[in-house]
Protein chains: 2
Amino acid sequence: MARNLKLTLTYDGHDFAGWQVQPDRATIQGTLVSAIEQLTGEKTLPQGSGRTDAGVHALAQTATVMIQSPIPSANLGRALNDVLPESIRVLAVQEVPPEFHARRSAVAKTYQYRIYRGEICSPFLARYVYHHPYPLDEGLMLAAAAIVEGEHDFTSFAAVDPERRQGDMEMNNVRTIYHSEWRRQGEELHYTVRGSGFLHHMVRNLVGTFLLVGKGSMTGGNLTRVLQARNRSAAAATAPASGLFLVSVEY
Amino acid sequence: MARNLKLTLTYDGHDFAGWQVQPDRATIQGTLVSAIEQLTGEKTLPQGSGRTDAGVHALAQTATVMIQSPIPSANLGRALNDVLPESIRVLAVQEVPPEFHARRSAVAKTYQYRIYRGEICSPFLARYVYHHPYPLDEGLMLAAAAIVEGEHDFTSFAAVDPERRQGDMEMNNVRTIYHSEWRRQGEELHYTVRGSGFLHHMVRNLVGTFLLVGKGSMTGGNLTRVLQARNRSAAAATAPASGLFLVSVEY
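Owing to the predicted nature of the structure, the values given are computational and were not obtained by experimental measurement.

(A) Representation of the overall build of chain A within the structure. Of the regular secondary structure elements, chain A holds five helices and ten strands. What you see for chain A is a C-alpha radius of gyration of 19 Å, in line with the 18 Å of a compact globule of 251 residues. Based on the C-alpha atoms only, the size of chain A along its principal axes is roughly 60 × 45 × 30 Å. When the 251 residues of chain A are sorted by exposure, 53% land in the buried category. Residue pairs at least 24 apart in sequence account for 72% of intrachain contacts in chain A once pairs closer than 6 positions are excluded. As displayed, chain A has an accessible area near 11,300 Å², and 51% of this comes from carbon and sulfur atoms.

(B) Molecular detail of the pairing of strand β5 (residues 108-116) of chain A. Residue and element names in this part refer to chain A. In terms of burial, β5 is largely enclosed, as nine of its nine residues are buried. The alternating pattern of β5 places Ala108, Thr110, Gln112, Arg114 and Tyr116 and Lys109, Tyr111, Tyr113 and Ile115 on opposite faces, both of which are buried. Pairing between β5 and strand β10 (residues 244-250): six bridges, direction antiparallel. Each bridged residue has a counterpart across the sheet, and for Thr110 the counterpart in β10 is Ser248. Pairing of β5 with strand β9 (residues 188-195), which is carried by eight bridges, proceeds in the antiparallel orientation. For Gln112, the partnering residue across the bridge sits in β9 and is Thr192.

(C) Looking closely at the side chain of A:Ser180. Residue and element names in this part refer to chain A. With respect to the helices and strands, Ser180 occurs in strand β8 (residues 174-185). Residue classification places Ser180 among the buried positions, given a relative accessible area of 5%. At a separation of 2.7 Å, a polar atom in the side chain of Ser180 contacts the main-chain carbonyl oxygen of Ala145.

(D) Quick look at the interface of chain B and chain A. Each side of the interface is counted separately: chain B has 25 residues, and chain A has 25 residues. Scanning the region where chain B abuts chain A turns up zero salt bridges. Counting across the chain B and chain A interface gives zero residue pairs in polar contact (both at pLDDT 80 or more). Broken down by secondary-structure element, the contributors of at least two residues to the side of chain B that touches chain A are β1 (3-11), β3 (57-67), α2 (73-83) and β4 (88-96) of chain B.

(E) Looking closely at helix α5 (residues 220-229) of chain B. Residue and element names in this part refer to chain B. Residues Leu223, Val226 and Leu227 constitute the buried set of α5. Seen along its axis, α5 keeps its buried residues to an arc of 100°; they face one direction. In this structure, α5 carries Arg225 and Gln228 as exposed residues pointing more than 90 degrees from its buried face. Residue Arg230 follows α5 closely and has a positive phi angle near 50°.

(F) A look at the pattern of salt bridges. The final tally for this structure, using the stated rule, is 17 salt bridges over all chains. Here B:Arg183 ties to B:Glu181 by a salt bridge, and the two come within 3.2 Å at their closest N and O atoms. Looking at B:Arg183, the relative accessible area reads 47%, which means it is partly exposed. Among the charged side chains, a network of salt bridges with common partners joins A:Asp12, A:Asp15 and A:Arg127.

(G) The packing of aromatic side chains, seen in detail. Applying the stated criterion across every chain, the model contains 18 aromatic pairs over all chains. Residues A:Phe245 and B:Phe124 carry aromatic rings whose centres are separated by 5.4 Å and whose planes lie at 55° to one another, so their mutual orientation is tilted. Remark: B:Phe124 occurs in the loop between β5 (108-116) and β6 (130-131) and A:Phe245 occurs in strand β10; the pair is interchain, linking two chains. In this structure B:Phe124 comes out as buried when scored by relative accessible area, which is 16%. Arranged with centres 6.1 Å apart and planes meeting at 85°, the rings of B:Trp182 and B:Phe210 form a pair that is edge-to-face. Here the residue B:Trp182 occupies a position in strand β8 (residues 174-185), and B:Phe210 occupies one in helix α4 (residues 202-215), the gap between them amounting to 28 residues. The burial state of B:Trp182 is the same as that of B:Phe210; both residues are buried.

(H) Spatial organisation of the pairing of strand β10 (residues 244-250) of chain B. Of the pairings in the sheet, the one linking β3(B) to β10(B) comprises two bridges and is parallel in character. Looking across to β10(B), one finds that B:His57 is bridged to B:Phe245.

(I) A look at the domain arrangement of chain A. Residues and elements named next belong to chain A. Domains assigned within chain A are domain 1 (3-96) and domain 2 (108-250). Distance from the C-alpha centre of domain 1 to the C-alpha centre of domain 2: 26 Å. With 18 residues of domain 1 in contact, the opposing surface of domain 2 contributes 17 residues. Of the roughly 1,400 Å² buried where domain 1 meets domain 2, counting both sides, 49% is carbon and sulfur surface.

(J) Spotlight on the relation of the copies chain B and chain A. The transformation that overlays chain B on chain A combines an axial shift of 0.0 Å with a rotation of 180°, and the residual RMSD is 0.0 Å. Put plainly, the chains are arranged around a two-fold axis. For chain B, the smallest separation between a C-alpha atom and the rotation axis is recorded for B:Phe124, amounting to 4.6 Å. A symmetric contact is evident, with 100% of the interface residues of chain B recurring at the interface of chain A.

(K) Local environment of the environment of B:Ala144. Topologically, B:Ala144 is positioned in helix α3 (residues 138-147). In this view, B:Ala144 contacts B:Phe210, B:Val213 and B:Leu223; residues no more than four positions away in its chain are not counted.

(L) Quick look at the packing of helix α3 (residues 138-147) of chain A against helix α4 (residues 202-215) of chain A. Residue and element names in this part refer to chain A. At a minimum axis separation of 8 Å, α3 and α4 run at an interaxial angle of 140°. In terms of axis orientation, α3 runs oblique to α4. Like other packed secondary-structure pairs, α3 and α4 cross with a definite hand, here right-handed. Contact with α3, carried on its side by Leu140, Met141, Ala144 and Ala145, involves Phe210, Leu211, Val213 and Gly214 of α4 and no other residues of that element. Among the residues making up the contact of α3 with α4, the classes are represented as seven nonpolar, one polar and no charged.

(M) View of unusual backbone geometry. Of note, A:His201 is a non-glycine position whose phi angle comes to about 70°, a positive value. Following the sequence through the fold, A:His201 ends up in the loop between β9 and α4. Taking the relative accessible area as the measure of exposure, A:His201 reaches 24% and is therefore partly exposed. Not every positive phi belongs to a glycine, and B:Asp24 is a case in point at roughly 65°. Given the relative accessible area of 81%, B:Asp24 is considered exposed.

(N) Summary view of α2(B). Where α2(B) is concerned, the buried positions are B:Ser73, B:Leu76, B:Gly77, B:Ala79, B:Leu80 and B:Asn81. The inward-facing, buried residues of α2(B) abut β1, α1 (28-40) and β4 of chain B.

Rules and cut-offs
- Residues numbered from 1 in each chain as written.
- Chains lettered and ligands numbered in written order.
- Predicted model: local features only at pLDDT ≥ 70, side-chain atom pairs only at ≥ 80, totals over all residues.
- Heavy atoms only, no water.
- Helix = DSSP H or I, 4+ residues; strand = E, 2+ residues; numbered from the N terminus.
- Rg over C-alpha atoms; globule rule 2.2 N^0.38 Å.
- Buried < 20%, exposed > 50% of the residue type's maximum accessible area, 1.4 Å probe, protein only.
- Contact = heavy atoms within 4.5 Å.
- Areas by Shrake-Rupley, 256 points an atom, 1.4 Å probe, with all protein chains shown as cover.
- Pairing = 2+ DSSP bridges.
- Polar contact = N/O pair within 3.5 Å; in protein donor to acceptor, adjacent residues only side chain to side chain.
- Salt bridge = Lys/Arg side-chain N within 4 Å of Asp/Glu carboxyl O.
- Arc of directions from axis to C-beta.
- Phe/Tyr/Trp six-rings, centres within 6.5 Å; stacked < 30°, edge-to-face > 60°.
- Domains from an automatic or database assignment.
- Buried area = accessible area lost by both parts, 1.4 Å probe.
- Least-squares fit on C-alpha atoms with pLDDT ≥ 70 in both.
- Axes fitted to C-alpha atoms, helices over the stretch in contact; angles between N-to-C directions.
- Parallel < 35°, antiparallel > 145°, perpendicular 65-115°, else oblique.
- Left-handed = near helix turned anticlockwise from the far one by under 90°.
- Nonpolar A, V, L, I, M, F, W, Y, C, P; charged D, E, K, R; others polar.

Quick look at the structure:
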């Protein structure tokens, strides 16, 4: 009797080509597939709450997977941690109803983006931040962050996603941002955003745009117009992956 | 006119085969040599305060190097950081007298060894600790640390060093430990040791021995006898490199 298991995962994305399985590349999903097969002999395909890109980290990503093996959930978590590389850890394994799906059942997600503002970035931090020691008006960035709160069509902040098909239920680019805030933490500047869902590259494109505001190249009014333009070419460059963390997924 | 420059460096040793230059392997010294040559055209060989092993980190390693280029020290530091990988940072560049030597002029060094005691080790910490979630009597380890303080012949804790020649001035294995202490920091257990100098693998061999004490496999009395034995085979296994940091070098 197959059980539907919800895995809560944390990973250092630096050395992975993202979440999604790819031939001949180390990915989070592919590494999980191998670990589960090694332990249970079963060929599975854990479904994540969403795909994280190459270099993006997770404090608590979730995935669901159907498992035939009768191994108790807690033991499976420990056994997975024994075979997974130390860059991926299983924080929890929980049996969930068959209809529960890591992506489709999610109601909200929180991401954090970390910028290091000091002149010299410690090598122990460099993998986990975007090092940007240049002048920024952080007050303007804070004010701009509030502009994207609420329900909006975020097409201007979405990468063209080669995996999406015409007619896909998710072609709709309207998302609700519940909370969007920049905050100073010592030498770091953290952007935290909680929303109903996020389009491909959306957080990194928002951060790239807030950086333009911080540099004085864009005003809050411009940002409102970019949002209304519903056109990817209107927004700024995508901020580097190293600073981005998937913090949590809510169900 | 060549200047003698003292570099203060921090590095994440995880992806390096240690300090010392080796053919076809990424090392800290070799990476510095390339960066200096790229900037100045000069072939140099920066001398470290000591060689750190593969996987060992540094918060503040020092090195001295003779440079012909008239580039100001502060500019050289910034320029080196522009060409070095982000896993090595130059914290300071300082002109020093010609007779100053990073290793021979050093009067004391401090190392720290970090053990993570929690059940699941975060992937963001795993490169920088030794994960040891098993029972340890930390009180016994604290007491044992004090035993090695003072002047002792540390032959029992020295690896056989293939680079040392018979008759070498440094064949003497007597060193003075000024301070040796274990301390809890949340889920981490930190060993900090400051001494006049350290033999090859000495800190990791001390930690391996303190771990035996913590597990109840060795008493403080045994530790005293191991120290007196002046025989490497008397001590415990070398603790893993990932937990070790060179904290500072004093002159």
